[in-house]
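In case you want the letters, here they are:
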Amino acid sequence: MIMYDTMPFLDRHLTIFKQNEALVFISLATDGVKEFHLFYPNEQVTRATLPEIIDFQRYAAGEIVDLSQLKINYLTGTSFQRDIWRAMHEMLPNETLTYAQLAVRANHPTAIRAVASAVGKNPLTIINACHRILPKSGGIGKYRYGPEMKQRLRQLDQAMIASK
């Protein structure tokens, strides 16, 4: 069974999903359960109080939180996608990468377009820091939840770094 919990987050909602003690999906959609089912239509979910939500409340408040220490797992994903997701997961809080740099870090240096696709399918937004992947041409780039949310997450990261 997959359990989920939700909270207000930066004028939106954050919904986390957990199975067997590991987070498996994070949504910033208005209806996180609906988004989860777009990714995993055959999975059943039930609402529960999940202790990890406290880490996200602290993160939203600008406190120093090491979200990379949360236990995670992937319900699906090709080995290529998992390589990309792991590379994002291992990024330092003060680090940004271009898609090309992420491709190199994930040992797929010529697969930049496929890397961008894998970033867009990241099931663990925030934890796998897709908001820190930027286009080589400059600017903020795309983000499943919009460029404004991507910028706000980057601002939270910067505030956390500054308070260290």
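Please refer to the structure higher up on the page.
Predicted model, so just to flag it, every value in this text is computed and none were measured.

Each value, and the rule that gives it
Residues numbered from 1 in each chain as written. Predicted model: local features only at pLDDT ≥ 70, side-chain atom pairs only at ≥ 80, totals over all residues. Heavy atoms only, no water. Salt bridge = Lys/Arg side-chain N within 4 Å of Asp/Glu carboxyl O. Helix = DSSP H or I, 4+ residues; strand = E, 2+ residues; numbered from the N terminus. Core = buried A, V, L, I, M, F, W, Y, C linked by side-chain atoms within 4.5 Å. Buried < 20%, exposed > 50% of the residue type's maximum accessible area, 1.4 Å probe, protein only. Contact = heavy atoms within 4.5 Å. 1 Å grid on protein atoms, 1.4 Å probe; cavity = no way out; pocket = protein on both sides within 12 Å on 5 of 7 lines; lining within 4 Å. Points joined across faces, edges and corners; volume = space filled by probe spheres on them. Nonpolar A, V, L, I, M, F, W, Y, C, P; charged D, E, K, R; others polar.

K.L.:
Give me the pattern of salt bridges: which residues, what numbers.
P.N.:
Charged atoms that come close allow side chains of opposite charge to pair. Taken as a whole and assessed by the stated rule, the structure comprises 10 salt bridges. In this structure, the salt-bridge partner of Asp55 is Arg58, at a minimum N-O distance of 3.9 Å. Here Asp55 pairs with Arg58, and both are found in helix H2 (residues 53–60), just three residues apart, close to one helical turn. Close ionic contact of Arg58 with Glu63 constitutes a salt bridge, the shortest N to O distance being 3.0 Å.

K.L.:
So what's going on with the nonpolar core? Which residues, and what values?
P.N.:
Soluble globular proteins tend to bury their nonpolar side chains together. Of all hydrophobic cores here, the largest spans 43 residues; its most connected members are Phe9, Leu14, Phe56 and Leu153. Listed by contribution, the elements that provide at least two residues to this core are strand E1 (2–9), strand E2 (12–19), strand E3 (22–27), H2, helix H3 (79–89), helix H4 (99–105), helix H5 (112–120) and helix H6 (147–162). Looking at this core, the element that brings in the most residues is H3, giving five residues. In this view, Phe9 contacts Leu14, Leu28, Phe56, Tyr59, Ala60, Ile126, Leu153 and Leu156; residues no more than four positions away in its chain are not counted. Counting residues in each nonpolar core, the second largest holds seven residues, with Tyr4, Val24, Phe25 and Tyr40 among its members.

K.L.:
Could you give an account of empty space enclosed by the protein, naming the residues involved and the relevant values?
P.N.:
By rolling a water-sized probe across the atoms, one finds the places where empty space is left. Across all of its chains, the model carries one cavity of 30 Å³ or more by this definition. The volume enclosed by the largest cavity comes to roughly 40 Å³. Taken together, Pro93, Asn94, Glu95, Thr96, Arg132, Arg154, Asp157 and Gln158 form the lining of the largest cavity. When its residues are assigned to classes, the lining of the largest cavity shows one nonpolar, three polar and four charged.

Remember that the coordinates give geometry; whether it matters functionally is a separate question.
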